[in-house]
Amino acid sequence: MRIGELSERTGASRRLLRYYEEQGLIVAGRCANGYRSYDEPTVDRVLQVRGLLDAGLPTRIIKQILPCLDKPRTIHFEHATPEMIATLERELSGMSERISCLTRNRDAIAEYLEAVWVDR
């Protein structure tokens, strides 16, 4: 499939897909005319990358763990190094801290809105 179809199927812009390719997160073949060509598994790979980015992982770490991922939500540990595991543990801890902060902020805003609506 060409980049436009991959973009439509994943919701990632063409520019973002080219960035993923530059970062080594996805691989594109080339047609005779020079256009990028993607195979079907690239759809799942883009969705994995987007999910990991949404979770707060930087692309440099995503690139390290992608060899451990076969299909969405399937992890194969034979490629995991102690360094990668330590990095992921730090990332997990950071995510947990961000979640706690977001939860506190959400609760504070909810309390504020509740107080505003009670006063009206």
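Residues numbered from 1 in each chain as written. Predicted model: local features only at pLDDT ≥ 70, side-chain atom pairs only at ≥ 80, totals over all residues. Heavy atoms only, no water.

Q: Please clarify how the overall build of the chain should be interpreted in this entry.
A: The helix and strand tally for the chain stands at five helices and two strands. Beginning at the N terminus, the succession of helices and strands in the chain can be written as α-α-β-β-α-α-α. Scaling as 2.2 N^0.38, a compact globule of 120 residues should have a C-alpha radius of gyration of about 14 Å, whereas the chain reaches 19 Å, well beyond that. Oriented by its inertia axes, the alpha-carbon framework of the chain measures out at about 70 × 40 × 20 Å. (Helix = DSSP H or I, 4+ residues; strand = E, 2+ residues; numbered from the N terminus. Rg over C-alpha atoms; globule rule 2.2 N^0.38 Å.)

Q: Quick question: what am I supposed to make of a nonpolar patch on the surface here?
A: On the surface, a nonpolar cluster with roughly 500 Å² of combined accessible area is contributed by Ile 109, Tyr 112, Leu 113 and Trp 117. Tracing the backbone shows Ile 109 in helix H5 (residues 82-119). (Patch = residues over 30% accessible without salt bridge, like charges linked within 9 Å, V, L, I, M, F, W, Y side chains within 5 Å. Areas by Shrake-Rupley, 256 points an atom, 1.4 Å probe, with all protein chains shown as cover. Salt bridge = Lys/Arg side-chain N within 4 Å of Asp/Glu carboxyl O.)

Q: For this particular structure, what's the right way to read helix H3 (residues 41-54)?
A: Because an α-helix completes one turn every 3.6 residues, residues spaced three or four positions apart along the sequence face the same direction. Compared with an ideal rise of 1.5 Å per residue, which puts 14 residues at 20 Å, H3 spans 20 Å between its outermost C-alpha atoms and is within 8% of the ideal. Three or more residues of H3 are buried, namely Thr 42, Val 43, Val 46, Gln 48, Val 49 and Leu 52. Summarising the contacts, the buried residues of H3 are in contact with helix H1 (3-10), helix H2 (14-22) and helix H4 (59-65). Immediately downstream of H3, the backbone of Gly 56 shows phi near 105°, a positive value. (Expected span 1.5 Å × (residues − 1). Buried < 20%, exposed > 50% of the residue type's maximum accessible area, 1.4 Å probe, protein only. Contact = heavy atoms within 4.5 Å.)

Q: Before we go on, may I ask you to explain a positive patch on the surface in this structure?
A: A surface patch of positive charge is lined by Arg 2, Arg 14, Arg 15 and Arg 18. By the secondary structure assignment, Arg 14 is in helix H2. (Lys, Arg positive; Asp, Glu negative; His and termini not counted. Charge placed at Lys NZ, Arg CZ, Asp CG, Glu CD.)

Q: I would appreciate a short explanation of the packing of H1 against H3 in the present structure.
A: One can describe the packing of H1 onto H3 by two numbers: an axis separation of 10 Å at closest approach and a directional angle of 50°. If you check the angle between H1 and H3, you find them oblique. In the packing of H1 onto H3, the handedness of the crossing is right-handed. When H1 is examined against H3, the residues Leu 6, Arg 9 and Thr 10 are found in contact with a partner set consisting of Thr 42, Val 43, Val 46, Leu 47 and Arg 50. Here the residues of the contact of H1 with H3 are counted per class, giving four nonpolar, two polar and two charged. (Axes fitted to C-alpha atoms, helices over the stretch in contact; angles between N-to-C directions. Parallel < 35°, antiparallel > 145°, perpendicular 65-115°, else oblique. Left-handed = near helix turned anticlockwise from the far one by under 90°. Nonpolar A, V, L, I, M, F, W, Y, C, P; charged D, E, K, R; others polar.)

Q: Quick question: what am I supposed to make of the side chain of Thr 59 here?
A: As for its placement among the helices and strands, Thr 59 is situated in helix H4. If we ignore the near neighbours within four places in the chain, the residues touching Thr 59 are Tyr 19, Gln 23, Leu 25 and Leu 53.

Q: So what exactly am I meant to see when it comes to the pattern of salt bridges here?
A: Once their charged atoms are close, side chains differing in charge can pair, the charge on each being opposite to the other. Taken as a whole, this structure holds five salt bridges when the rule is applied. In this structure, the salt-bridge partner of Arg 9 is Glu 40, at a minimum N-O distance of 2.4 Å. Of this pair, Arg 9 sits in helix H1 while Glu 40 sits in the loop between strand E2 (36-37) and H3, and the two are 31 residues apart along the sequence. The class of Glu 40 is partly exposed, set by a relative accessible area of 45%. Arg 30 is paired through a salt bridge with Glu 21; the nearest N and O atoms lie 4.0 Å apart.

Q: Help me out: how do you make sense of the environment of Arg 45 in this one?
A: Mapped onto the elements, Arg 45 comes out in helix H3. Sequence separation of Arg 45 and Leu 69 is 24 residues, and the distance between their C-alpha atoms is 8.9 Å. A polar atom in the side chain of Arg 45 sits 2.9 Å from the side chain of Gln 48. (Polar contact = N/O pair within 3.5 Å; in protein donor to acceptor, adjacent residues only side chain to side chain.)

These results come straight from atomic positions and should not be treated as a statement about function.
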